[in-house]
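One-letter residues, chain by chain:
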2 protein chains.
Amino acid sequence: MHVLVLGAAGMVGRKLVAALLANGEIGGTRIDRLTLTDIVMPDAPATALPIETIAADFSQPGVAATLIKSRPDLIFHLAAIVSGEAEADFDKGYRINLDGTRFLFEAVRQEGLKSPYFPRIVFTSSIAVFGEPLPDRIEDTHFLTPLTSYGTQKAIGELLLADYSRRGFFDGIGIRLPTIAVRPGKPNKAASGFFSGIIREPLAGMEAVLPVAESVRHWFASPRAAVKFLLRAAALDTTQLGWRRTLTMPGLSITVGEQIAALRRVAGDKAVKLIRHEPDATIAKIVAGWPRGFDPKRAIALGFEAETSFDDIIKVHIEDELGGKLP
Amino acid sequence: MHVLVLGAAGMVGRKLVAALLANGEIGGTRIDRLTLTDIVMPDAPATALPIETIAADFSQPGVAATLIKSRPDLIFHLAAIVSGEAEADFDKGYRINLDGTRFLFEAVRQEGLKSPYFPRIVFTSSIAVFGEPLPDRIEDTHFLTPLTSYGTQKAIGELLLADYSRRGFFDGIGIRLPTIAVRPGKPNKAASGFFSGIIREPLAGMEAVLPVAESVRHWFASPRAAVKFLLRAAALDTTQLGWRRTLTMPGLSITVGEQIAALRRVAGDKAVKLIRHEPDATIAKIVAGWPRGFDPKRAIALGFEAETSFDDIIKVHIEDELGGKLP
């Protein structure tokens, strides 16, 4: 099986590629070729498999057709401009997140018009497709009222994925990822950054800023769980989905206070003392509009699994990023 | 106020233009200029107002910008490829219903980037944005699961309308029209055609075919009600909408049997006898996937009104199409 990963240079993309190489197969079929692409040149991991890395902007006309020409059997579409940037740069967000996605889907359809071609496409959507009003636990049938351009673009991607799948142009499945924590790497300016920062920095002996109240509740899964979602989606029998092709992934609904309690259990008071409370009304207001929890019955029934405690999410970070022990 | 109508040559478009000229104003502001456009040249109605008619395909790059250059204050966007054609011709449906809509919205945004410009856009959506599973009465918060390319394109239009409005590029409002009955004119091949045909043809002394069971339930409003929805949407204080910019319009949920009973009350047994029952499994299957009724609380609270009996819907047809009396 030939696997194409769009967005292979991103945090989840890199972990996905490592997992593909470690597993060597998807749903019992051997992976025998990999193509990795991103806007920046993705790293080529060490492997005996034929592997191609491509730096390309799939939102430029013709680029998606070039990527699809080799007829990959499985396509992971993780490429996106993130929420903050899509809000700051309206044109860029629509170009990458909407046009790029549509070019990809259309390239697959056009390839199939030449001779039969029916790949699986795994599309990463986001809980940003939901906006107000939001209950504490959002059902699978909740309506989509995105309050960002990014959420709008992801909701449109879900609609296109469903229609192209219904028309028989490819076998699509969308997964709405929770907020990924603990994100490895340096602090960034994303409004959601603190959810990872208040764990990651103290574990590394550094100070972290908490800009919201401890009562704030949000929805989480680890990077390791995100990769497992993608692999599960790639292997799933999609006849179980009907035409509702996108699933809200499972996750953990907890408060910031509960995150901190988990940090204390795992790393002690000295870690917790590195969290500095510095209320920021702007961030608090943004975060107040975000989902607090879900009841993702469909995904759970289909075998998708996430962590059930934040202690476990912290332990995943220690195992995968810190070599299995605290510094 | 300068009013632009896209889709002005269609059945609803023509009735809307007649109503605009009859009323002379929208929400207390005088209409002083009209631009009518469609893929075929719209009729220019008799009026003393400056009026321009344009045959143009707004799905071609650059055309929307030309239409917007004169900065209309109010834009009715009724232009669309209908459901059956969008399903039969995938490219054409996406080109007109998605690209065309996006070109229009983007042309307004680009005009506003030159100097402040903030028109009202009234976008006609459809109950085709809903698909399975469907309760008997669909709430305003029901999720969108279109099962046609047309419904997908309309749902995407709703998302774009909301995002462009939220970003302040224009003041958008979407209205989801019920199935319009009684449609004037000749029978057509649309799967929904019989809903009008079983009334229109017998009233004209002609035979009509009923391809489904009398127990089939559906959601209706008259062409006159559709025009009133558009005028109400054009004048509405949109701050009442929040960011949920599209409303399901009110309508009447009745069965085909109840339609026929109304026909009997209005036009007698001799009209009803002209309905020939000729079951068609294909049409029955299509119609089984359609909405049966709604609970459009938001639109009703905002003053939108439809007929409350099918007798009234038939009477509207007799008044507006048959000169007020049965032949």
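Scroll up to find the structure this text is about.
This section reports on the structure supplied with the text.

Calculation criteria
Residues numbered from 1 in each chain as written. Chains lettered and ligands numbered in written order. Predicted model: local features only at pLDDT ≥ 70, side-chain atom pairs only at ≥ 80, totals over all residues. Helix = DSSP H or I, 4+ residues; strand = E, 2+ residues; numbered from the N terminus. Rg over C-alpha atoms; globule rule 2.2 N^0.38 Å. Contact = placed C-beta atoms within 7 Å. Pairing = 2+ DSSP bridges. Axes fitted to C-alpha atoms, helices over the stretch in contact; angles between N-to-C directions. Least-squares fit on C-alpha atoms with pLDDT ≥ 70 in both. Nonpolar A, V, L, I, M, F, W, Y, C, P; charged D, E, K, R; others polar. Core = buried A, V, L, I, M, F, W, Y, C linked by C-beta atoms within 7 Å. Buried ≥ 20, exposed ≤ 12 C-beta atoms within 10 Å, placed from the backbone. Expected span 1.5 Å × (residues − 1). Bend = angle between axes of the 7 residues up to and from the residue. Left-handed = near helix turned anticlockwise from the far one by under 90°. Parallel < 35°, antiparallel > 145°, perpendicular 65-115°, else oblique.

Scanning chain A from N- to C-terminus turns up 12 helices and 16 strands. The C-alpha atoms of chain A give 20 Å as radius of gyration, which agrees with the globular expectation for 327 residues (20 Å, within 12%). Its C-alpha atoms give chain A principal-axis dimensions of roughly 60 × 45 × 40 Å. Long-range contacts, defined as pairs at least 24 residues apart, comprise 77% of the intrachain contacts of chain A with a sequence gap of at least 6.

All names here are of chain A. One open sheet accounts for seven strands, arranged E5-E4-E1-E6-E7-E9-E13; its pairing is parallel. The open sheet has two free edges, formed respectively by strand E5 (51–55) and strand E13 (246–248), since each of these has just one partner strand. Neighbour to neighbour, the strand axes of the sheet diverge by 15° on average, direction disregarded. In this fold helix H1 (residues 11–23) packs onto strand E1 (2–6), strand E4 (33–38) and strand E6 (74–77), with an angle of close to 165° to the strand it touches most, E1. Sheet contacts for helix H5 (residues 149–166): strand E7 (120–126), strand E9 (171–177) and E13; angle to E7, the most-contacted strand, approximately 155°.

The next point concerns the relation of the copies chain A and chain B. Between chain A and chain B, the superposition needs a rotation of 180° and an axial shift of 0.0 Å, giving an RMSD of 0.0 Å. Such values leave the two copies arranged in the relation of a two-fold axis. Minimal C-alpha distance to the rotation axis in chain A is attained by Phe143(A), lying at 2.0 Å. Of the residues that chain A buries at the interface, 94% are likewise interface residues in chain B, meaning the two copies contact each other through the same surface.

This brings us to the interface of chain A and chain B. Many structure descriptions define interface size as the accessible area lost when the parts assemble. Counting from both sides, the interface comprises 17 residues of chain A and, opposite them, 16 residues of chain B. Sorting elements by how many residues they give to the side of chain A that touches chain B places H5(A) first, with six residues. Its residues assigned to classes, the side of chain A that touches chain B comprises eight nonpolar, six polar and three charged.

This paragraph deals with the sheet that holds strand E10 (residues 179–180) of chain A. Hydrogen bonds along the backbone pair up the strands of a sheet, which may run parallel or antiparallel. All names here are of chain A. Within the open sheet, the three strands sit side by side as E10-E12-E14. Their pairing is mixed. Edge positions in the open sheet fall to E10 and strand E14 (252–255), since each of these has one partner strand only. Direction of pairing for E10 relative to strand E12 (residues 217–221): parallel, over a ladder of two bridges. Across the sheet, residue Ile 180 finds its bridge partner in E12, namely Ala 221.

Right, let's talk about the nonpolar core for a bit. Val5(A) and Val5(B) are the most contacted members of the largest nonpolar core, which has 186 residues in total. Excluding residues that lie within four positions of it along the chain, Val5(A) makes contacts with Gly13(A), Leu16(A), Val17(A), Leu36(A), Phe76(A) and Leu78(A).

Right, let's get into helix H4 (residues 90–114) of chain A. Residues three or four positions apart in an α-helix share a direction because the helix packs 3.6 residues into each turn. For H4(A), with 25 residues, the first-to-last C-alpha span of 35 Å sits near the 36 Å given by 1.5 Å per residue. For H4(A), the principal kink sits at Asp99(A) and spans about 30°.

Residue and element names in this part refer to chain B. Relative orientation of the contacting elements helix H1 (residues 11–23) and helix H7 (residues 223–235) amounts to 60°, with a least axis distance of 9 Å. Relative to H7, H1 is oriented so that their crossing is right-handed. For the pair formed by H1 and H7, the contact residues are Met 11, Val 12, Lys 15, Leu 16 and Ala 19 on the first element and Pro 223, Ala 226, Val 227, Leu 230 and Leu 231 on the second. Per-class residue counts for the contact of H1 with H7 are nine nonpolar, no polar and one charged.

Attention shifts here to unusual backbone geometry. For the bond from Ala181(A) to Val182(A), the omega torsion is 0°, close enough to zero to count as cis. With respect to the helices and strands, the residue Val182(A) is situated in the loop between E10 and helix H6 (193–203). Each neighbour pair has its own omega, and for Glu132(B) with Pro133(B) the value is -10°, a cis peptide bond. With respect to the helices, strands and loops of the structure, Pro133(B) is situated in the loop between strand E7 (120–126) and strand E8 (138–139). Even without being glycine, Arg71(A) reaches a positive phi, approximately 55°. Residue placement: Arg71(A) occurs in the loop between helix H2 (63–68) and E6. Owing to 14 C-beta atoms within 10 Å, Arg71(A) belongs among the partly exposed residues under this scheme.

Right, let's get into the packing of helix H4 (residues 90–114) of chain B against helix H5 (residues 149–166) of chain B. Residue and element names in this part refer to chain B. At a closest axis distance of 9 Å, the pairing of H4 and H5 adopts a crossing angle of 10°. Overall, the two elements H4 and H5 adopt an arrangement that is roughly parallel. In this structure, H4 uses Phe 90, Gly 93, Tyr 94, Asn 97, Leu 98, Thr 101, Arg 102, Phe 105 and Arg 109 to contact H5, whose residues at the interface are Ser 149, Tyr 150, Gln 153, Lys 154, Ile 156, Gly 157, Leu 160 and Tyr 164.

It is worth spelling out H4(B) at this point. When H4(B) is considered as a whole, its buried residues turn out to be Gly93(B), Tyr94(B), Ile96(B), Asn97(B), Leu98(B), Gly100(B), Thr101(B), Phe103(B), Leu104(B), Phe105(B), Val108(B) and Glu111(B). Those residues of H4(B) that are buried are in contact with helix H2 (63–68), strand E6 (74–77), helix H3 (83–88) and H5 of chain B.

This part covers the environment of Trp219(B). Residue and element names in this part refer to chain B. By the element assignment, Trp 219 lies in strand E12 (residues 217–221). Classification of Trp 219 as buried rests on a count of 27 C-beta atoms within 10 Å. Expressed as a C-alpha distance, the spacing of Trp 219 and Pro 296, which sit 77 residues apart in the sequence, is 12 Å. Non-local contacts of Trp 219, meaning those with residues more than four positions away in its chain, are made with Ile 127, Pro 178, Thr 179, Gly 251, Ser 253, Pro 291, Arg 292, Gly 293 and Phe 294.

All right, on to the environment of Met1(B) then. Tracing the backbone through its elements, the reader meets Met1(B) in the segment before strand E1 (2–6). The residues contacting Met1(B), other than those within four sequence positions of it, are Ile26(B), Thr29(B), Arg30(B), Ile31(B), Asp32(B), Asp73(B) and Leu74(B).

Residues and elements named next belong to chain B. Mapped onto the fold, Ala 306 is located in the loop between helix H11 (297–301) and helix H12 (310–321). A C-alpha to C-alpha distance of 22 Å links Ala 306 and Leu 203, two positions 103 residues apart in sequence. Setting aside chain neighbours within four positions, we find Ala 306 in contact with Ala 221, Ala 225, Met 249, Pro 250, Gly 251 and Leu 252.

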